[in-house]
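Residues per chain, in single letters:
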Amino acid sequence: ASGDYCVDNRGDVGSWVRMAAMEGMAEVCVLACKADADAGVLGKEGGVWVESYSRRIVQALVKQLSEKIDGVRACAGTVLHQLLFRPSSAGSPSATPPPDGDAESTPATTTPAQADGIQVPFVPDREALESAIGGDGLVDWRAPAAAFPRVATLLRSPDLMAPALAGFVVSVGGISESTVKHSWGSLLQSLQGDDGAALMIKVGSAMLELLEENKGVDRVVVPAMRTIHLLITNGCMDAMPPSSSPVPKGILERVQGEMRGCKDVGKLQAGVSVAAALLQYDDASLRVPALQTLLAMLTHRYPRVRKQAGEEMYLQVLTHEGLVGEDYMEQATAILGETDWTADVPVLRPARDELYPAFGVTRAESTAPTSAVPRAPRPLAEEQGSAYKDLVKEMHY
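Here's what I pulled together on the structure shown here. (Residues numbered from 1 in each chain as written. Predicted model: local features only at pLDDT ≥ 70, side-chain atom pairs only at ≥ 80, totals over all residues. Heavy atoms only, no water.)

Turning to the packing of aromatic side chains, a few remarks are in order. For the structure on display, the rule yields 2 aromatic pairs. Each ring, one from tryptophan 49 and one from tyrosine 53, has its centre 5.3 Å from the other, and the planes form 65°; the classification is edge-to-face. The class for tryptophan 49 is buried, based on a relative accessible area of 4%. A ring pair is formed by phenylalanine 148 and phenylalanine 168, whose centres lie 5.6 Å apart and whose planes are at 55°; its orientation type is tilted. Of this pair, phenylalanine 148 sits in helix α5 (residues 144-152) while phenylalanine 168 sits in helix α6 (residues 161-172), and the two are 20 residues apart along the sequence. The same class applies to phenylalanine 148 and to phenylalanine 168, which are both buried. (Phe/Tyr/Trp six-rings, centres within 6.5 Å; stacked < 30°, edge-to-face > 60°. Buried < 20%, exposed > 50% of the residue type's maximum accessible area, 1.4 Å probe, protein only. Helix = DSSP H or I, 4+ residues; strand = E, 2+ residues; numbered from the N terminus.)

This next bit is on helix α12 (residues 284-297). Look at α12: 20 Å from first C-alpha to last across 14 residues, which is about the 20 Å you get at 1.5 Å a residue. Counting buried residues in α12 gives 10 out of 14 residues, a clear majority hidden from the surface. Every buried residue of α12 is accounted for by Leu286, Arg287, Ala290, Leu291, Gln292, Thr293, Leu294, Leu295, Ala296 and Met297. Turning to α12, the residues buried within the fold contact α10 (247-259), α11 (265-277), α13 (303-319) and α15 (345-359). (Expected span 1.5 Å × (residues − 1). Contact = heavy atoms within 4.5 Å.)

Space inside the second largest pocket adds up to approximately 360 Å³. Lining of the second largest pocket is provided by 17 residues; of these, Lys63, Ala162, Pro163, Ala166 and Glu213 occupy positions nearest its centre. Looking at the lining of the second largest pocket element by element, the count peaks at 5 residues for α6. Residues that form the lining of the second largest pocket fall into these classes: 9 nonpolar, 5 polar and 3 charged. (1 Å grid on protein atoms, 1.4 Å probe; cavity = no way out; pocket = protein on both sides within 12 Å on 5 of 7 lines; lining within 4 Å. Points joined across faces, edges and corners; volume = space filled by probe spheres on them. Nonpolar A, V, L, I, M, F, W, Y, C, P; charged D, E, K, R; others polar.)

Structure follows, in C-alpha cells:
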C-alpha cells in the first residue's frame with residue numbers, strides 16, 4: 001500500500017492510500033514491539049518484530065519523506081518521529097491538543113506510538129535518521145525549504161540512500177517550482193561537499209538501479225531523466241568518465257530503451273536532453289550511440305521532439321570540440337541551425353542524412369522510431385471522458 005500511486009478522475013488517490021498505510025505501519029509496529037516487550041524478547045531472537053520489518057518500514061517512510069506531495073511528507077515525518085522518539089509524556093510536541101483549546105480541563109491525547117517508552121529495535125542507521133528527523137518534532141515537513149535539506153543528509157547513509165534518492169528524483173524532476181528548487185538545491189549541495197565525488201559515484205549506481213527497477217514506469221523514469229540531465233550539465237558526473245565507470249553508458253542504454261517505441265512527448269524530450277548531455281564525454285563508445293539516437297530523433301514523428309533534438313545537437317556542436325570534424329563544421333552548424341525541424345519528415349530526411357558523415361557515425365535503424373505513422377482518431381466520447389486522467393498522466397503525477 002505504501003507504493004500505491006494510482007491516479008483516476010478524482011486525482012492522486014494513491015496518496016491517500018500511502019498516508020493511511022504509513023499510519024497503519026506505526027500502529028502495527030507498536031503493537032508488535034509491545035507484545036515482544038511484554039514477553040521479554042524485544043529485539044531478540046524469537047520475537048514477533050524482526051530486523052527486516054524495521055528496515056522495510058523505515059525505507060518506505062524515508063522514500064515518502066523525500067517525495068513531492070507536501071501532505072505525504074508531513075505524514076511520513078510525523079510517523080518517523082513517533083517511531084524514533086516515542087515520547088511517553090502527554091505534553092510532548094507531537095501530542096494531539098484538546099479540541100476546545102482548554103489544556104487544563106481536557107488532557108491531551110496520545111497515539112499508540114506515544115503511549116509507552118518502548119524503543120523500536122533494528123532501525124537502520126538510527127543515529128543519522130534521528131539527526132535528520134529532529135527530536136523536538138517541530139520540523140515543518142510540508143515546507144520544501146525545511147524538509148529537503150534534512151532528507152539530503154540521508155543520502156550518505158548506505159541503508160537509506162536508495163529510498164531517499166528514489167523520492168528525490170520524483171521531486172527534482174517534478175513541475176512544482178518550490179519543490180524542484182529546494183529538492184535540487186539540497187541534492188546539489190550534498191554532491192558538491194568534500195565527499196561529493198565519492199557520493200556521486202554511489203548515487204550514480206543507485207540511479208541505474210532505480211531505472212532498471214522501474215522500466216516503463218513513466219512516473220519514475222521521466223523525473224529520473226530530468227534529474228540525470230541536471231546532474232550531468234552541472235558537472236556532478238565529471239568524476240565518472242566512461243573509461244572508468246559503467247554509469248554513463250548504463251544511463252544511455254536505459255534511456256534508449258525507454259525511448260524505443262515511446263509515444264509520450266515529454267518522456268522523449270527528457271531522453272533527448274540526457275542523450276545530448278552525454279556528448280560532453282570524449283569517448284567514442286558513448287558518443288557514437290548517443291549521436292545515433294539524436295540523429296534518429298531528427299526525423300521522429302513528433303515535431304516537438306525533432307525540434308528539441310536539433311536544438312540540443314546544435315548547442316553541443318558549438319560547445320564541445322571534436323563532435324564534428326573541421327571540414328564539416330560549417331555544414332553541420334548550417335543544417336542544425338537553419339533547418340526547420342518542425343517541417344514534414346520526408347522533407348527533413350535528406351538534411352538529416354547529411355549529418356551522419358559530418359558526425360562520423362553510421363545510421364542505426366533500431367535506435368528509435370522515425371516513421372511518421374498517423375494515429376487513429378479516438379472516439380469523441382472516450383476522449384472527453386478521459387481528458388482529466390490524460391492531463392494528470394501527462395504531468396507525471
